[in-house]
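Secondary and tertiary structure notes
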Amino acid sequence: MTTDAVVRALGELAHDSAHPAAEVCACAPPQVLADRPDGTVVRSGAVVAKAHAPDTGTSALRARLSLAASPALRGVLLAPLPTPSGPYRTVLDRPVTLWPYGVPVDPSDPDAAPWEETAVLLARLHRTPPRGPLPPMRGPVKAARAVARMRSARPGDPRLAPVAAAWRALPGWARGEGPAPADRGGFLCHGDLHLGQLVRHPQPHGAWLLIDIDDAGTGDPAWDLARPAAWYAAGILPAEIWLRFLDAYRAEGGPAVRAEGDPWPELDIPARALTVQTAALALAKSAAEERSPDEVEQLMIDACVRIASLPPELVSEGAS
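Anyway, here's the lowdown on the structure attached to this text. (Residues numbered from 1 in each chain as written. Predicted model: local features only at pLDDT ≥ 70, side-chain atom pairs only at ≥ 80, totals over all residues. Heavy atoms only, no water.)

1. Things to note about the overall build of the protein
When helices and strands are counted, the protein shows ten helices and ten strands. Taking 2.2 N^0.38 as the reference for a compact globule, 320 residues should give roughly 20 Å; the C-alpha atoms of the protein span a radius of gyration of 20 Å, in line with that estimate. Taken along the three principal axes of its C-alpha coordinates, the protein extends 70 × 45 × 40 Å. Classification of the 320 residues of the protein by burial places 47% in the buried group. Nonlocal contacts in the protein, meaning residues at least 24 apart in sequence, comprise 72% of its contacts between residues at least 6 apart. With an accessible surface of roughly 15100 Å², the protein has 56% of that area assigned to carbon and sulfur atoms. Positive and negative side-chain charges of the protein, numbering 31 and 37 respectively, have mean locations separated by a distance of 5 Å. (Helix = DSSP H or I, 4+ residues; strand = E, 2+ residues; numbered from the N terminus. Rg over C-alpha atoms; globule rule 2.2 N^0.38 Å. Buried < 20%, exposed > 50% of the residue type's maximum accessible area, 1.4 Å probe, protein only. Contact = heavy atoms within 4.5 Å. Areas by Shrake-Rupley, 256 points an atom, 1.4 Å probe, with all protein chains shown as cover. Lys, Arg positive; Asp, Glu negative; His and termini not counted. Charge placed at Lys NZ, Arg CZ, Asp CG, Glu CD.)

2. Here's the deal with the side chain of Thr83
Tracing the backbone through its elements, the reader meets Thr83 in the loop between helix H2 (58–68) and strand E4 (89–91). Of the polar contacts made by the side chain of Thr83, one reaches the backbone oxygen of Gly86; its length is 2.7 Å. A polar side-chain atom of Thr83 sits 3.5 Å from the main-chain carbonyl oxygen of Tyr88. Setting aside anything within four residues of it in sequence, one finds Thr83 in contact with Tyr88, Arg89, Val96 and Leu98. (Polar contact = N/O pair within 3.5 Å; in protein donor to acceptor, adjacent residues only side chain to side chain.)

3. Section: the packing of helix H6 (residues 223–234) against helix H8 (residues 264–288)
The N-to-C vectors of H6 and H8 enclose an angle of 75°; their axes lie 7 Å apart at closest approach. It follows that H6 is roughly perpendicular to H8 by the angle criterion. Contacts between H6 and H8 involve Trp223, Leu225, Ala226, Arg227, Ala229, Ala230, Tyr232 and Ala233 from the first element and Trp264, Leu267, Pro270, Ala271, Ala273, Leu274, Thr275 and Gln277 from the second. Grouping the amino acids of the contact of H6 with H8 by side-chain chemistry returns 13 nonpolar, two polar and one charged. (Axes fitted to C-alpha atoms, helices over the stretch in contact; angles between N-to-C directions. Parallel < 35°, antiparallel > 145°, perpendicular 65-115°, else oblique. Nonpolar A, V, L, I, M, F, W, Y, C, P; charged D, E, K, R; others polar.)

4. A look at H2
Side chains that are three or four residues apart share a direction in an α-helix, a result of its 3.6 residues per turn. Buried within H2 we find Ala60, Leu61, Ala63, Arg64, Leu65, Leu67 and Ala68. Its buried side turned inward, H2 meets strand E3 (47–52), strand E5 (94–100) and strand E7 (187–189).

5. Observations concerning unusual backbone geometry
The amide bond that connects His201 to the next residue, Pro202, takes the cis arrangement and shows omega of 0°. Tracing the backbone shows Pro202 in the loop between strand E8 (198–201) and strand E9 (207–210). The residue Leu92 is not glycine, and still its phi comes out positive at about 50°. With respect to the element layout, Leu92 can be found in the loop between E4 and E5. Residue classification places Leu92 among the exposed residues on the basis of a relative accessible area of 51%. Phi is positive for Asp93, which is not a glycine, with a value near 70°.

6. Digging into the nonpolar core
If you look at the biggest cluster of nonpolar residues, it comprises 48 residues, and the most contacted ones within it are Leu77, Leu210, Ile213, Leu225 and Tyr249. Elements with a minimum of two residues in this core: H2, helix H3 (115–127), E8, E9, H6, helix H7 (239–251) and H8. Beyond its immediate stretch of four places on either side in the chain, Tyr249 contacts Ala119, Leu122, Ala123, His126, Pro221, Leu225, Gly254, Pro255, Ala256 and Val257. Ranked by size, the runner-up nonpolar core spans 29 residues in total, among them Val147, Cys189, Trp223 and Leu283. (Core = buried A, V, L, I, M, F, W, Y, C linked by side-chain atoms within 4.5 Å.)

7. Digging into the environment of Leu65
Within the secondary structure layout, Leu65 lies in helix H2. Take Leu65: its relative accessible area is 3%, and that puts it in the buried class. Sequence separation between Leu65 and Ala79 is 14 residues; the distance between their C-alpha atoms is 8.0 Å. The residues contacting Leu65, other than those within four sequence positions of it, are Pro80, Pro87, Tyr88, Thr97, Trp99 and Ile213.

Shown next, in the form of structure tokens:
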């Protein structure tokens, strides 16, 4: 967990940005919205301060912040706020960025989840030509880190075998060991798409926008569709919702999958990678909490069992 000093500094920075010095303030204390190894987020009023991971590359962060602020992506990505020292500042050796607060997806109301809106935003992002030097999308790197975390949390546990086997069956690029194939790798990607990466801005009833640019960059756009595809394949996401999402993406001209027909030739490898990533995190988290995987987590682990049992010729066809 992040130190109290970092949380306190983020709260002060967000508060000072939300309120001019001469303004009398009676706002609530700063609120911690997230505290994970890859980022700590604190809100004060209309401003959110985020401390990025300590190993964040600042040149890549600058490029991603420039991407989020690009006029070409207005209405797609939430634009950052300037800090007193530029696009980001350093607080206790961590790069910190400022953002306007937006209303997140309500997890207690799954029927209202903006699947179609998410698909349209992704299609618009993927169709936008990359400009300037951009780092690669970090989705495969996150998957590799999840597998490493699983192995560290459960050394020698036989339950890791099918997840590890499904991981080994993926091509190197999907394990973060190289770039995506040339014909798939030149698109703008979010890199870590899930419903927690959307907010309404301006609050409370503004348009949906994508947030969190830490993993954005160029790569295979199918990666951004892979998490819902994996959930659908594992039986977690109902077919009706998956088809609504896919149809909305295609209707907006998204390039990740063919315009009609079977989308799985493009989705297969990324969806397998996200299945492994989710299963690996489930095993790591359940070990840390000294419990067995819950029902949803077990579905993703079981999906890895099925992937690992596929005949080698099917795996090689998908990995080519």
